[in-house]
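Overview (structure and organization)
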Amino acid sequence: MKQAGQKKSVTAPAKILSLDTNRVFQKVTHQYPKLIGSPYPQGRLAISGLGRIDMIEVADILYVKAESNYVRIFIKGQGPVMMAKTLKQVSASLIAYGFLRVHQSFLVHPSIIKSYHSKVGIIVLNSGDELPVSRPNRKVVSLQLLNLSCI
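Here's a quick rundown of the structure. Each chain carries its own residue numbering, running from 1 in the direction its sequence is written. Given that the model is predicted, a residue must reach a pLDDT of at least 70 before its local features are reported, and side-chain atom pairs must reach 80 or more before they are shown or counted; all residues, however, enter totals for whole chains, interfaces and linings. Think of the side-chain values as coming from all heavy atoms in the structure, minus any hydrogens and water.

It is worth spelling out the packing of aromatic side chains at this point. Each Phe, Tyr or Trp ring (for Trp, its six-membered ring) is paired with any other whose centre lies within 6.5 Å, and the angle between the two planes then decides the class: stacked below 30 degrees, edge-to-face above 60, tilted in between. Inspection of the entire model under this criterion finds two aromatic pairs. On the basis of an interplanar angle of 15° and a centroid distance of 4.4 Å, the ring pair of Y63 and F74 is categorised as stacked. Here Y63 is found in strand 3 (residues 61-67), whereas its partner F74 is found in strand 4 (residues 70-75), with 11 residues between them in sequence. Among the residues examined, Y63 registers a relative accessible area of 7% and is labelled buried. A network of ring pairs unites the aromatic residues Y63, F74 and F106 as a single cluster. Secondary structure is summarised from DSSP: a helix means a run of H or I of at least four residues, a strand means a run of E of at least two, and numbering begins at the N terminus for each. Accessibility here uses a 1.4 Å probe with only protein chains present; expressed as a share of the type maximum, an area under 20% marks a residue as buried, one over 50% as exposed, and anything in between as partly exposed.

Shown next as structure tokens:
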């Protein structure tokens with residue numbers, strides 16, 4: 001029986017970190033098995049409007065731009081598509097596919113980024129489009145892009 005003055009044993013921090021890392025990795029691989037080892041996401045996004053539902057391949061999405069309570073989704077080989085959802089709602093779906101929230105109004109997948117100018121906060125896409133990166137997100141975006149590099 002424990003007495004009032006005795007302390008509980010403390011587990012080593014390295015062991016706790018190791019267990020947490022393993023648990024997170026197992027959870028990610030279980031929930032998103034198709035993303036592991038995939039250079040670009042494979043999935044579909046449903047867009048409803050005008051009495052029909054269009055399915056868009058996630059791999060075809062260049063970036064997403066917020067416009068009040070709507071989003072404009074820029075798609076490869078097509079014009080932009082409007083969707084009556086907020087960027088927060090759309091990002092909840094697309095973050096799982098590796099998209100980055102680079103600005104209050106923009107969401108982009110790193111595989112279509114050609115260059116990132118961290119001093120001025122501009123991302124240049126393969127298509128030539130330029131997206132702003134908010135000042136608070138500049139360091140986070142830099143770290144995320146550096147972590148994705150293979151070299």
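Now that the structure has been shown, the text picks up again.
Two strands are said to pair when DSSP picks up at least two bridges between them. One open sheet accounts for three strands, arranged 8-9-10; its pairing is antiparallel. The open sheet has two edge strands with one neighbour each: strand 8 (113-117) and strand 10 (130-132). Ignoring which end each strand starts from, the neighbouring axes of this sheet average 20° apart. Contacts between residues were defined by any pair of non-hydrogen atoms, one from each residue, lying within 4.5 Å. Axes here refer to lines fitted to C-alpha atoms; in helices the fit is confined to the stretch in contact. Angles between the N-to-C directions go from 0 to 180 degrees. Contacting strand 8 and strand 9 (122-125), helix 3 (residues 138-148) crosses the sheet at an angle of about 135° to strand 8.

Our next topic: unusual backbone geometry. Excluding glycine, most residues fall at negative phi; most peptide bonds, likewise, are trans. At S68, a position not held by glycine, the phi torsion is positive, near 60°. Here S68 is to be found in the loop between strand 3 and strand 4.

Strands sit in the order 5-4-3-7-6 across an open sheet of five strands; the sheet is antiparallel. Of all strands in the sheet, those with a lone pairing partner are strand 5 (81-83) and strand 6 (100-103), marking the two edges. The average undirected angle you get between the axes of adjacent strands in this sheet is 25°. In this sheet, strand 4 lies alongside strand 3 in antiparallel orientation, the contact comprising six bridges. Directly across from E67, in strand 4, lies its bridge partner Y70. Most of the contacts of helix 2 (residues 87-94) go to strand 3, to which it runs at about 155°, and overall it touches strand 3, strand 4, strand 5, strand 6 and strand 7 (106-108).

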